[in-house]
Amino acid sequence: MNSQTFHLLMNGLWETVYMTLVSTLLGYLIGLPVGILLTVTDKEGIHPNAFVYRIVDVIINIMRSIPFLILLILLIPFTRFLVGKSYGTTATIVPLVVSAAPYIARMVESSLKEVDSGVIEAARSMGASNWTIVFHVLLVEAKTSLIVGATITLGTILGYSAMAGTVAGGGLGDIAIQYGYYRWKTDIMLITVALLVILFQIFQMIGMKIASVLDHRK
Amino acid sequence: MSEIEVRHLSKSFTQKDLKVDALSDININIEKGDIYGIIGMSGAGKSTLVRCLNYLERPTDGQVIVRGQELGSLSEKELRQARMKIAMIFQSFNLLQQKNTVDNISFPLKIQGFPMKEARTKAKELLQTVGLADKAKSYPSQLSGGQQQRVAIARALACDPDILLCDEATSALDPQTTDQILELIKQINETMGITVVIITHQMAVIQKVCNRVAIIENGHLVEEGKVIDIFSHPKSRAAKELILRDIHGEPHGLMDPIDEITEGKKIRIVFTANSAFEPVVSNMILKFGQPVNILKANTRNVGGVAKGDMILQLPADRETRLQMEDYLRERGLDVEEVTD
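> Any chance you could explain the nonpolar core here in plain terms?
Soluble globular proteins tend to bury their nonpolar side chains together. Membership of the largest hydrophobic core comes to 66 residues, with the highest contact counts inside it found for Ile28 and Ile38 of chain B. At 7 residues, helix H5 (residues 89–113) of chain A tops the list of elements feeding residues into this core. Among residues more than four places away in sequence, those in contact with Ile28 of chain B are Ile4, Glu5, Val6, Tyr36, Ile38, Leu49, Ala214, Leu221 and Glu224 of chain B. Core analysis: the next-biggest nonpolar cluster, separate from the first, contains 52 residues, Leu95, Ile194, Val205 and Ala238 of chain B among them.

What follows is the structure, encoded as structure tokens:
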């Protein structure tokens, strides 16, 4: 492997890590509050509101049912408006966040709903406000599950970021398409796949490790 | 003024257009310093009732007046303030699993905006009170059920409550641990003057610590009064049933043998202070020369008075039986027939 190829791959690796981490982070900025909103307004939640729940629920379902590749294309005008162009890593972050946010909201909702209703009741009996319950009970008690959810999300976004390579999204997926597929360079294709696998393993390992260290239930 | 006054309280739930009355027209007065028991079979509505006392459940009708304050008239914020003085402990302890004991106990103080350091200091003192000074850094999963309930009690005491509500607080514990926890609750009641309300399905719990008891059946209050009176002279069917069950709440081994016996009459005798130390039953058997079956016997300490009850099967012969009953009554025992 010459240094040019090596440089190409390292650059791709960096772009992939950048896209994945930034998208996940921005995705949580939107998805976490929405997930909390779903948990709180659910009919079993601490402040049931069927109307709000229904609307958010439907929006999330619609967004989640659009395949990522199609979303990627659908959002091109929006991406151009935000970033100024529709290709490259920063532009790819836009559809990644749009697709990650509803997914994250669902992950957060399911984690928060795992929290024992007895503990919530105990907090209410102490005079805790809903606000306190969200920040000092729900998020604290569900932290392990939330971190596991974030790890799974990170893996999913990593996969999506590679998919964005088909539309010149940058990163390892882009390299795999450009060199491996269009130019029949199987070796580069295999290396990008290997790098993706390793990256996925590292994300998974770190995430699970953090979750297990922070978990005091065992 | 009663500490807690419940007036014409009713609570109904609607499940798929079907209205279920969980509680109907409950009236009780709980005085300051009482350890007030509320007993009933599962599904009787006692858990709903205790949740109405701090408005975790909003009654459909009626009033709950705590220390002169009608809870129904309070705003959400005022209600949260009021709840801080009405502590509660639960069957499943309900501790924060991801927080250690000190942080669990500090939690209600944190809600009230206490500085963290002050809260922790107080938490450590309370840990001492409940006898777990060495478990400050432990997490709930590292503690036994009894220890977790002690932490929950310490947490309940953190805000210096006036009232402590116990919702089946000992039901998940073994008999020995149950006794220890009840002892602790009693001690808290005596030393801190906290009014205690105990919800349970176990008569033994009531007898051990309560001074008054309310019996709830199918959402109705069927009997209410001093524990000592209700134990000696239960009037309602529900009260009799609860008393006749085994001390740990399981009706094992008692009802079956009675059903098998076709001859003879079953009576329940209750010992009072002046009779419990005399071997009444053996003396009676010697006097009449007739065998008597003891189907169940159990004596214990009720409110500081030696108390106990036995279920005897007397001979089928009516004459002897009546004489025996008189003999027992003469010796200061309460005698009543047991009907299945």
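After that view of the structure, there is still more to cover.
> Would you mind showing me how to read the pairing of strand E1 (residues 4–15) of chain B here?
Moving residue by residue along a regular strand, the side chains alternate between the two faces of the sheet. Residue and element names in this part refer to chain B. As paired elements, E1 and strand E4 (residues 61–66) share 5 bridges and run antiparallel to each other. Bridge pairing in E4 places Ser10 opposite Asp61. The turn joining E1 and strand E2 (residues 18–30), which pair antiparallel and follow one another in sequence, is formed by 2 residues; a positive phi near 50 degrees is taken by Lys16.

> Hey, could you run me through the packing of aromatic side chains in this one?
Aromatic ring pairs: the centre-centre distance and the angle between the two ring planes describe each pair. With the rule as written, the count across this model stands at 5 aromatic pairs over all chains. Judged by centre distance (6.0 Å) and plane angle (35 degrees), the rings of Trp14 of chain A and Tyr18 of chain A are tilted. With Trp14 of chain A and Tyr18 of chain A both in helix H1 (residues 3–41) and 4 residues apart, this pair spans about one turn of that helix. Overall, Trp14 of chain A belongs to the exposed group, its relative accessible area being 54%. Ring geometry for Tyr181 of chain A and Tyr182 of chain A: centres 5.5 Å apart, planes at 55 degrees, overall tilted. The exposure class assigned to Tyr181 of chain A is exposed, which follows from its relative accessible area of 55%. According to the relative accessible area criterion, Tyr182 of chain A is exposed, its value standing at 52%. Positioned over the ring face of Tyr179 of chain A is Arg183 of chain A, at 4.5 Å from the centre of the ring. The aromatic ring of Phe231 of chain B is capped on one face by Arg268 of chain B, whose charged end is 5.2 Å from the ring centroid.

> It is not clear to me how the interface of chain A and chain B should be interpreted in this structure. Could you clarify?
The extent of an interface is frequently quoted as the accessible surface area lost upon association of the parts. Listed by partner, the interface residues are 24 residues for chain A and 22 residues for chain B. Counting the surface chain A buries against chain B, the share from its top three residues, Ser125, Met126 and His216 of chain A, is 31%. The interface formed by chain A and chain B holds 1 salt bridge in total. With its nearest N and O atoms 2.5 Å apart, the salt bridge here joins Arg51 of chain B to Glu121 of chain A. Counting across the chain A and chain B interface gives 10 residue pairs in polar contact (both at pLDDT 80 or more). For the side of chain A that touches chain B, the secondary structure elements donating two or more residues are helix H6 (117–125), helix H7 (130–141) and helix H8 (143–163) of chain A. Ranked by the residues each element gives to the side of chain A that touches chain B, the list is headed by H6 of chain A, at 7 residues.

Definitions and cut-offs
Residues numbered from 1 in each chain as written. Chains lettered and ligands numbered in written order. Predicted model: local features only at pLDDT ≥ 70, side-chain atom pairs only at ≥ 80, totals over all residues. Heavy atoms only, no water. Core = buried A, V, L, I, M, F, W, Y, C linked by side-chain atoms within 4.5 Å. Buried < 20%, exposed > 50% of the residue type's maximum accessible area, 1.4 Å probe, protein only. Helix = DSSP H or I, 4+ residues; strand = E, 2+ residues; numbered from the N terminus. Contact = heavy atoms within 4.5 Å. Pairing = 2+ DSSP bridges. Phe/Tyr/Trp six-rings, centres within 6.5 Å; stacked < 30°, edge-to-face > 60°. Lys NZ or Arg CZ within 6 Å of the ring centre and 35° of its normal. Buried area = accessible area lost by both parts, 1.4 Å probe. Salt bridge = Lys/Arg side-chain N within 4 Å of Asp/Glu carboxyl O. Polar contact = N/O pair within 3.5 Å; in protein donor to acceptor, adjacent residues only side chain to side chain.

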